[in-house]
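Chain by chain, the residues run as shown.
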Amino acid sequence: MKRIMVCTKPMMGLAVALVAIMTACGHAGNAVAEMPVYTGVAPFSHVAKPRVTWHRTLRSGWQEARRRNVPMVIYISTDHCAYCDAMKRDTWGNETVEQRVAQDFVAILLTPQENEATLGRIDVAAYPTTLIGVPEGKIVGHRTGYQPAAALHSFLSEALKR
């Protein structure tokens, strides 16, 4: 059975509360299968600054994708989303993911707090959402929910084959 980990708009606070309750009650082992548990240690703190430049608007990222003629990886996140934070930390912070995205893609981070008009035109059912777009302006890949590094690598490989 495949589990998809997401924070839907009305349930974001519930997900954070549930993880906190499970951890406090000693059921953190069950939560680990759902989402990595934050240990308080910054991942890759020994590594130099990230190699990925995250564009904060679709317009600037799309311009860069057209200039470089490479696809865009569009990560849609929101505040107070435990799965979004875990993916930022564990997936986007993974050194091999960073290298691959920096080399083969233009990275765009969109949030409803900063990109309300843009996201108003996109049906985002849950957070996090990851999209792959081509320089011509078409979305060719879509994943909803927390994606571990290995799953994201597969998703990026599929996108490069198109």
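Residues numbered from 1 in each chain as written. Predicted model: local features only at pLDDT ≥ 70, side-chain atom pairs only at ≥ 80, totals over all residues. Heavy atoms only, no water.

A. Examining the pattern of salt bridges more closely. On inspection of all chains with the given rule, the structure shows six salt bridges. Salt-bridge contacts for Asp 90 lead to Arg 89; the nearest nitrogen and oxygen are separated by 3.1 Å. In this structure, Arg 143 engages Glu 158 in a salt bridge whose closest nitrogen and oxygen atoms are separated by 3.0 Å. Pair noted here: Arg 143 is in strand β7 (residues 139-144) and Glu 158 is in helix α7 (residues 149-161), with a separation of 15 residues, a long-range link. By relative accessible area, which is 25% here, Arg 143 ends up partly exposed. Shared partners join several salt bridges into a network, and the residues in it are Arg 51, Glu 95 and Glu 98. (Salt bridge = Lys/Arg side-chain N within 4 Å of Asp/Glu carboxyl O. Helix = DSSP H or I, 4+ residues; strand = E, 2+ residues; numbered from the N terminus. Buried < 20%, exposed > 50% of the residue type's maximum accessible area, 1.4 Å probe, protein only.)

B. Examining helix α4 (residues 82-91) more closely. Counting buried residues along α4, seven of its ten residues qualify, which places the element largely inside the surrounding structure. Considered for burial, the residues of α4 that qualify are Ala 82, Tyr 83, Cys 84, Ala 86, Met 87, Arg 89 and Thr 91.

C. Broad picture of the environment of Leu 152. Within the secondary structure, Leu 152 is located in helix α7. Taking the relative accessible area as the measure of exposure, Leu 152 reaches 0% and is therefore buried. Between the alpha carbons of Leu 152 and Thr 91 there is a distance of 7.7 Å; along the sequence they are 61 residues apart. Contact partners of Leu 152, with chain neighbours within four places excluded, come to Thr 91, Trp 92, Val 97 and Thr 130. (Contact = heavy atoms within 4.5 Å.)

D. Seen up close, the nonpolar core. Formed by 35 residues in total, the largest nonpolar core has its most connected members in Val 73, Ile 76, Trp 92, Val 101 and Ile 132. Elements that contribute at least two residues to this core include exactly β3 (72-76), α4, α5 (95-104), β4 (106-110), β6 (129-133) and α7. Aside from chain neighbours lying at most four places away, what touches Trp 92 is Trp 54, Val 73, Tyr 75, Met 87, Val 97, Glu 98, Val 101, Thr 130 and Leu 152. (Core = buried A, V, L, I, M, F, W, Y, C linked by side-chain atoms within 4.5 Å.)

E. Looking closely at the pairing of β6. Counting buried residues in β6 gives five out of five residues, a clear majority hidden from the surface. Burial of β6 is two-sided: the residues Thr 129, Leu 131 and Gly 133 facing one way and the residues Thr 130 and Ile 132 facing the other way are all buried. Here β3 runs beside β6; their pairing, made up of five bridges, is antiparallel. Note on β6: the bridge partner recorded for Tyr 75 is Thr 130. Pairing geometry for β6 and β7, over five bridges, is antiparallel. By the bridge assignment for β7, Gly 133 is matched with Ile 139. Here β6 hands over to β7 after five residues, with Gly 137 in that stretch at a positive phi of 100°. (Pairing = 2+ DSSP bridges.)

F. Geometry of the environment of Arg 66. When you line up the elements, Arg 66 lands in helix α3 (residues 58-68). Put simply, Arg 66 and Pro 135 are 69 residues apart on the chain and 4.9 Å apart in space, counted from C-alpha to C-alpha.

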